[in-house]
Amino acid sequence: MSHFTSIKTQIVEKEYLKQALTHLGYSYQEGNVQIRGYAGNRTSVEIKVVTNNPSYDIGFYKVGNAYEIVADWWGIDDIQQEQFLQQLNQRYAYNAARAKLEAQGFSLVSEEVQEGERIHLVLRRIV
């Protein structure tokens, strides 16, 4: 019996996903890799995040144009699912927004982490 759970995300670009994982301090493997779960069950993913439990991993694979997260959260005790998703989505959005705005000629003027872990960016485009 598999305990793997898949969670749909709004993450569409692998580069910003990898940047988010790196910024949050997670090491990952990329390619045709497998993650582990309950009773040695395995499933194939594109990106594998290693956890402190050597028998359980977190994975990402693309379905349509967005990535899904798959893991057997029951065995992952060093990473809380909700907190992981919130931090990952925030950092992904930060990376994507900043890169797209910089590509349009905007430059970062200031960055501030506000109450509730909100990130406030001020960008300016010189015309």
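It should be emphasised that the depicted structure is a prediction, and the values quoted were computed from it without experimental measurement. (Residues numbered from 1 in each chain as written. Predicted model: local features only at pLDDT ≥ 70, side-chain atom pairs only at ≥ 80, totals over all residues. Heavy atoms only, no water.)

## Some remarks on the sheet that holds strand β2 (residues 28-36)
So, step 1. The strand order across the open sheet formed by 5 strands is β1-β5-β4-β3-β2, and the pairing between neighbours is antiparallel. Each edge of the sheet is formed by a strand with only one pairing partner; in this case those strands are β1 (5-8) and β2. Taking each pair of neighbouring strands and ignoring which way they run, the sheet shows an average axis angle of 45 degrees.
So, step 2. Note that β2 and strand β3 (residues 42-50) share 7 bridges and pair antiparallel. In the strand pairing of β3, Tyr28 is matched with Val49.
So, step 3. Packed onto the sheet, helix α1 (residues 14-23) meets β2, β3, β4 (57-63) and β5 (66-71) and runs at close to 55 degrees relative to β3. (Pairing = 2+ DSSP bridges. Helix = DSSP H or I, 4+ residues; strand = E, 2+ residues; numbered from the N terminus. Axes fitted to C-alpha atoms, helices over the stretch in contact; angles between N-to-C directions. Contact = heavy atoms within 4.5 Å.)

## Quick notes on α1
So, step 1. Listed in full, the buried residues belonging to α1 are Tyr16, Leu17, Lys18, Ala20 and Leu21.
So, step 2. Each element contacted by the buried residues of α1 is listed here: β2, β3, β4, β5 and α2 (81-103).
So, step 3. One or two positions beyond α1, positive phi appears at Gly25, with a value near 90 degrees. (Buried < 20%, exposed > 50% of the residue type's maximum accessible area, 1.4 Å probe, protein only.)

## Details of the environment of Ser55
So, step 1. Relative to the helices and strands, Ser55 resides in the loop between β3 and β4.
So, step 2. Once the C-alpha coordinates of Ser55 and Leu101 are considered, the two residues, 46 residues apart in sequence, prove to be 40 Å apart.
So, step 3. Setting aside residues no more than four positions away along its own chain, Ser55 makes contact with Arg36 and Gly37.

## Quick word on the nonpolar core
So, step 1. Judged by nonpolar contacts, the single largest core of 23 residues is most densely connected at Ile58, Phe60 and Phe84.
So, step 2. Looking at this core, the elements that each hand over two or more residues are α1, β3, β4, β5 and α2.
So, step 3. Excluding its chain neighbours within four sequence positions, the residues that come into contact with Phe84 are Leu21, Tyr26, Ile58, Phe60, Ile69, Trp73 and Ile79. (Core = buried A, V, L, I, M, F, W, Y, C linked by side-chain atoms within 4.5 Å.)

## Some details on the packing of α1 against α2
So, step 1. It is at 8 Å that the axes of α1 and α2 come closest, and there the two elements cross at 125 degrees. In terms of their interaxial angle, α1 and α2 are classed as oblique. For the pair α1 and α2, the crossing hand works out as right-handed. Packed against α1, whose contacting residues are Tyr16, Leu17, Gln19, Ala20, Leu21 and His23, the element α2 presents Phe84, Leu88, Arg91, Tyr92, Asn95, Ala96, Ala99 and Lys100 at the interface.
So, step 2. Counted by class, the contact of α1 with α2 contains 9 nonpolar, 3 polar and 2 charged residues. (Parallel < 35°, antiparallel > 145°, perpendicular 65-115°, else oblique. Left-handed = near helix turned anticlockwise from the far one by under 90°. Nonpolar A, V, L, I, M, F, W, Y, C, P; charged D, E, K, R; others polar.)

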